[in-house]
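Tertiary structure, described
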Protein chains: 2
Amino acid sequence: MNRVYNFNPGPATLPLDVLKEVQAEFLDFDETGMSIVEVSHRAKPYEKVHNQAKADILELMNLGDDYEVLFIQGGASLQFAMIPMNFASKDKLGSYAVTGIFARNAYKEAVNLGVAKLAASTEDENFARVPCQNELKVDSNSAYLHICMNNTIYGTEYHYIPEVEVPLFADMSSDMLSRPLDFKKFSLIYAGVQKNLGPAGVVIVVAKKSLIEKSLDSLPTMLRYDTFYNKNSLYNTPPTFSIYVVGKVAQWIKNNGGLKVMAQRNLKKAQLLYNVIDESDGFYKGHAQEDSRSLMNVTFRLPNEELEKKFVAEALANNISGVKGHRLVGGMRASIYNAMPIEGAEVLAEFMKKFQRKNKG
Amino acid sequence: MNRVYNFNPGPATLPLDVLKEVQAEFLDFDETGMSIVEVSHRAKPYEKVHNQAKADILELMNLGDDYEVLFIQGGASLQFAMIPMNFASKDKLGSYAVTGIFARNAYKEAVNLGVAKLAASTEDENFARVPCQNELKVDSNSAYLHICMNNTIYGTEYHYIPEVEVPLFADMSSDMLSRPLDFKKFSLIYAGVQKNLGPAGVVIVVAKKSLIEKSLDSLPTMLRYDTFYNKNSLYNTPPTFSIYVVGKVAQWIKNNGGLKVMAQRNLKKAQLLYNVIDESDGFYKGHAQEDSRSLMNVTFRLPNEELEKKFVAEALANNISGVKGHRLVGGMRASIYNAMPIEGAEVLAEFMKKFQRKNKG
């Protein structure tokens, strides 16, 4: 097997040990005589998987039983709508910090519902940074402040937790469980798992129980948080395979030192790449401002688009896949989530240096 | 490997050949050097899977390019809300035939939105049958008639396609692709795949393009059918693994004779079980009326609950899993979807006869 270094932003690389485990037990899960994808979501062998995954996520985040873990389908994009539908109103608007495409999409859903207020935007600066604390204008009557913790496309990330009087909500799709944070400062956190945590198909929502125990009766069943809360995310058939793999990834994080060690490894990988950029005499230009640099997605340009195309092609020939950036930023993006080995970042860093030597003109 | 006969209603048994293929290529999909769950949804190897699955589904249903296949998350339960939100209004109600729990849940979502009309109900008869054609009261101004083609819990199924003046919508979660039908008579068909078609996590929607090409702007992005239609179900990250397996199941159906052969096999399995019931001198009592009997879910009671418990336990000891019925019907339910081998139905039929001989009192 020729395993590539997969720098795709999501779906993204997963721990090889986890994939091997899934493969090994794929035809007979836990001596049930069936595949995990054939096991009833009401059967004990699956319930064990489901509840263990929830417990491990809370444990990794150091959260107590005043928080609940929900598994919801539809991607972060459905959360963009569910959040204002459940928590905002014309009298109590949702406040949004717009720091990238997904943050803006979240804001737009609330605008469409007529319940949005802009707290900050860095759109004028092509989203090259996140706002600092005193740029956040949050009305004390807001239902919440919504932020996108890590902006996958632009390669920016908050390196502080906003202090606000209102409940803090965060889309952590691309950096959940990548580093320890004081998660208690958040009332609701959510993440599409396909970046850092598992196979596409489920969103993890971690929320204060007091927030989600009763939803508006006017909302459709599947758009009410209390449907998921009251039924342990088993009101209807959940995406069992995605949850099962997420559970294994959470175990893998625990077995490898937890969020502290993840953060150390992620920092090391990011430094390897940012150092090459900073020491390239301008050959590589980082998109993100230094104090907003993401530890998950490293975005950078080359001197011209021709070299950028060449970079992508030669990288692939060197077993480095998925480094083409998003069209809105151009250039390159290296996504270095938890499961990317340090060796992968080393290989990319060496390739970048070699590519520069050969092409500096 | 001790593979059981899995009679669970969903998640349910899948073709062993498909599971083996998934396992064999799980660490390296299509020579990409990564697992299918790590492949970007924007990358060609995945797009091929996605588009092939769509094409195979349409081909199996003998539908032309005036129909579109969508992949949507959230289960059939989210469709219960999306359908009235997209197509019904206070002026143009949605009509519903209530023939079981899921059919009633669909109706309730429309009631909650204030856009529902009851076309028929067999609730008074404990859902032991589906209505016949002339019981369906559908106002010609209805936005649609919604039916649930096969009622998993009660074990009933339509053996005719209702003739109505308004667009016909059907939840086929538990019998889609189990038999040939004149699918052109339907405007919208949907199915959560975890019963007959793949791993939980995706709903297949097959709809007339003219119906879904433009949705109401007031709806949230992820609740608009045109979001999925205009972006080939790739607006956001789809549940790639579920779609990939569904594609393999569709191929397996094609390679095994298509819907005609599936229907023959399914009929044979159902007859094996219904014959035991009918020839048991009342020891086994079928729940469904004969003309509404499902070919997918065979429901029956035993003389008393003690014997029912014993049946479940002894079945399991004989490698027969998942035959306990839903609490609303009690007794037994044997789900015999496409992937259940005829041998499985034979083993269960023999077990039933033996159990009766030993326990007829």
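Residues numbered from 1 in each chain as written. Chains lettered and ligands numbered in written order. Predicted model: local features only at pLDDT ≥ 70, side-chain atom pairs only at ≥ 80, totals over all residues. Heavy atoms only, no water.

1. Details of the domain arrangement of chain A
Residue and element names in this part refer to chain A. Partitioning chain A into structural domains gives domain 1 (26–255) and domain 2 (258–359). Taking the mean C-alpha position of each, domain 1 and domain 2 sit 27 Å from one another. Contacts between the two partners involve 28 residues from domain 1, matched on the other side by 26 residues from domain 2. Summing both partners gives a buried area of about 2,200 Å² for domain 1 against domain 2, and 58% of it is carried by carbon and sulfur. The interface formed by domain 1 and domain 2 contains 16 residue pairs in polar contact (both at pLDDT 80 or more). Where the side of domain 1 that touches domain 2 is concerned, the elements lending two or more residues are strand E7 (156–157) and helix H7 (240–255). With three residues, the top contributor of residues to the side of domain 1 that touches domain 2 is H7. Partitioned by chemical class, the residues of the side of domain 1 that touches domain 2 number 12 nonpolar, nine polar and seven charged. (Domains from an automatic or database assignment. Contact = heavy atoms within 4.5 Å. Buried area = accessible area lost by both parts, 1.4 Å probe. Polar contact = N/O pair within 3.5 Å; in protein donor to acceptor, adjacent residues only side chain to side chain. Helix = DSSP H or I, 4+ residues; strand = E, 2+ residues; numbered from the N terminus. Nonpolar A, V, L, I, M, F, W, Y, C, P; charged D, E, K, R; others polar.)

2. Section: the confidence of the model for chain A
Here chain A averages 97 in pLDDT, and 100% of its residues register 70 or above. Overall fold confidence (pTM) sits at 0.98, and the ipTM for the predicted complex is 0.98. (pLDDT = per-residue confidence, 0-100.)

3. Topic: the interface of chain A and chain B
With 59 residues of chain A at the contact, the number on the chain B side is 59 residues. Buried surface at the junction of chain A and chain B, both sides included, amounts to about 4,500 Å², of which 59% is carbon and sulfur. Taken together, the connections running from chain A to chain B amount to two salt bridges. Across the pair B:Glu38 and A:Arg3 runs a salt bridge, and its minimum N-O distance is 2.7 Å. (Salt bridge = Lys/Arg side-chain N within 4 Å of Asp/Glu carboxyl O.)

4. Some details on the nonpolar core
Core analysis: the biggest nonpolar cluster contains 120 residues, and A:Met176, A:Val206, A:Phe241, B:Met176, B:Val206 and B:Phe241 have the highest contact counts within it. Formed by 60 residues, the second largest nonpolar core is a distinct cluster that contains A:Ala143, A:Tyr144, A:Ile212 and B:Leu78. (Core = buried A, V, L, I, M, F, W, Y, C linked by side-chain atoms within 4.5 Å. Buried < 20%, exposed > 50% of the residue type's maximum accessible area, 1.4 Å probe, protein only.)

5. A word on the relation of the copies chain A and chain B
Superposing chain A onto chain B requires a rotation of 180° together with a translation of 0.0 Å along the rotation axis, leaving an RMSD of 0.0 Å. What the superposition gives is, in effect, a two-fold axis relating one chain to the other. Looking at chain A, 100% of its interface residues are interface residues in chain B too, so the copies touch through the same face. (Least-squares fit on C-alpha atoms with pLDDT ≥ 70 in both.)

6. Some thoughts on helix H3 (residues 75–87) of chain B
Taking 1.5 Å of rise per residue, 13 residues should cover 18 Å, and H3(B) covers 18 Å from first to last C-alpha, within 8% of that figure. Extensive coverage of H3(B) is indicated by the burial of 13 of its 13 residues. (Expected span 1.5 Å × (residues − 1).)

7. Some words on the pattern of salt bridges
Should the charged atoms of two oppositely charged side chains come close, the side chains can pair. Residue and element names in this part refer to chain A. Tallied over the full model, the rule gives 40 salt bridges over all chains. A salt bridge links Lys248 to Glu25; the nearest nitrogen and oxygen atoms lie 2.9 Å apart. Here the residue Lys248 occupies a position in helix H7, and Glu25 occupies one in the loop between helix H1 (16–24) and helix H2 (44–60), the gap between them amounting to 223 residues. For Lys248, a relative accessible area of 13% gives the class buried. With a closest N to O distance of 2.8 Å, Glu135 and Arg129 form a salt bridge. Assessed through its relative accessible area of 15%, Arg129 is described here as buried.

8. Description of helix H2 (residues 44–60) of chain B
All names here are of chain B. The end-to-end C-alpha distance of H2 is 24 Å, a good match for the 24 Å that 17 residues give at a rise of 1.5 Å each. Looking at H2, one finds that the buried residues are Tyr46, Val49, His50, Ala53, Lys54, Asp56, Ile57, Leu58 and Leu60. Where the residues of H2 are buried, they touch strand E2 (67–72), strand E10 (203–208), helix H7 (240–255) and helix H8 (258–278). Positive backbone phi, approximately 55°, marks Asn62, located one or two places after H2.

9. Remarks on the sheet that holds strand E8 (residues 168–171) of chain B
All names here are of chain B. A sheet is described by the order of its strands in space; here seven strands give the open sequence E2-E10-E9-E8-E5-E3-E4, paired in mixed fashion. At either end of the open sheet lies a strand with only one pairing partner, and these are E2 and strand E4 (116–121). The mean angle between the axes of side-by-side strands here comes to 20°, regardless of whether they run parallel or antiparallel. When strand E3 (residues 94–98) meets strand E5 (residues 144–148), the two strands line up parallel, connected through three bridges. Within E5, the residue paired with Tyr96 across the bridge is His146. (Pairing = 2+ DSSP bridges. Axes fitted to C-alpha atoms, helices over the stretch in contact; angles between N-to-C directions.)

10. Things to note about the environment of B:His41
Note that B:His41 resides in the loop between helix H1 (16–24) and H2. When its relative accessible area of 6% is taken as the criterion, B:His41 is described as buried. Separated by 51 residues in the primary sequence, B:His41 and B:Lys92 have C-alpha atoms spaced 38 Å apart. In this structure, B:His41 is in contact with A:Gly10, A:Pro11, B:Tyr46, B:Glu47, B:Leu234, B:Asn236, B:Thr237, B:Pro238 and B:Thr240, ignoring residues within four places of it in sequence. Within polar-contact distance, the side chain of B:His41 engages the side chain of B:Arg42 at 3.4 Å.

11. Overview of the state of the cysteines
Tallied over the full model, the rule gives zero disulfides over all chains. Residue A:Cys132 stays outside any disulfide, its sulfur separated by 18 Å from that of A:Cys148, the closest cysteine. (Disulfide = S-S within 2.5 Å.)

12. Quick look at the pairing of strand E9 (residues 188–192) of chain A
All names here are of chain A. Among the five residues that make up E9, five are buried, leaving the element largely enclosed by the rest of the structure. Burial along E9 is two-sided: Leu188, Tyr190 and Gly192 facing one way and Ile189 and Ala191 facing the other are all buried. With five bridges connecting them, E9 and strand E10 (residues 203–208) associate as antiparallel partners. Bridging from a neighbouring strand, Ala191 pairs with Ile204 of E10.

13. Here we look at the side chain of A:Glu38
Mapped onto the elements of the fold, A:Glu38 is located in the loop between H1 and H2. Polar contacts involving the side chain of A:Glu38 include one to the side chain of B:Thr13, which spans 3.5 Å. When residues no more than four places from it in sequence are discounted, the contact partners of A:Glu38 are B:Arg3, B:Asn6, B:Pro11, B:Ala12, B:Thr13, B:Leu14 and B:Leu19.

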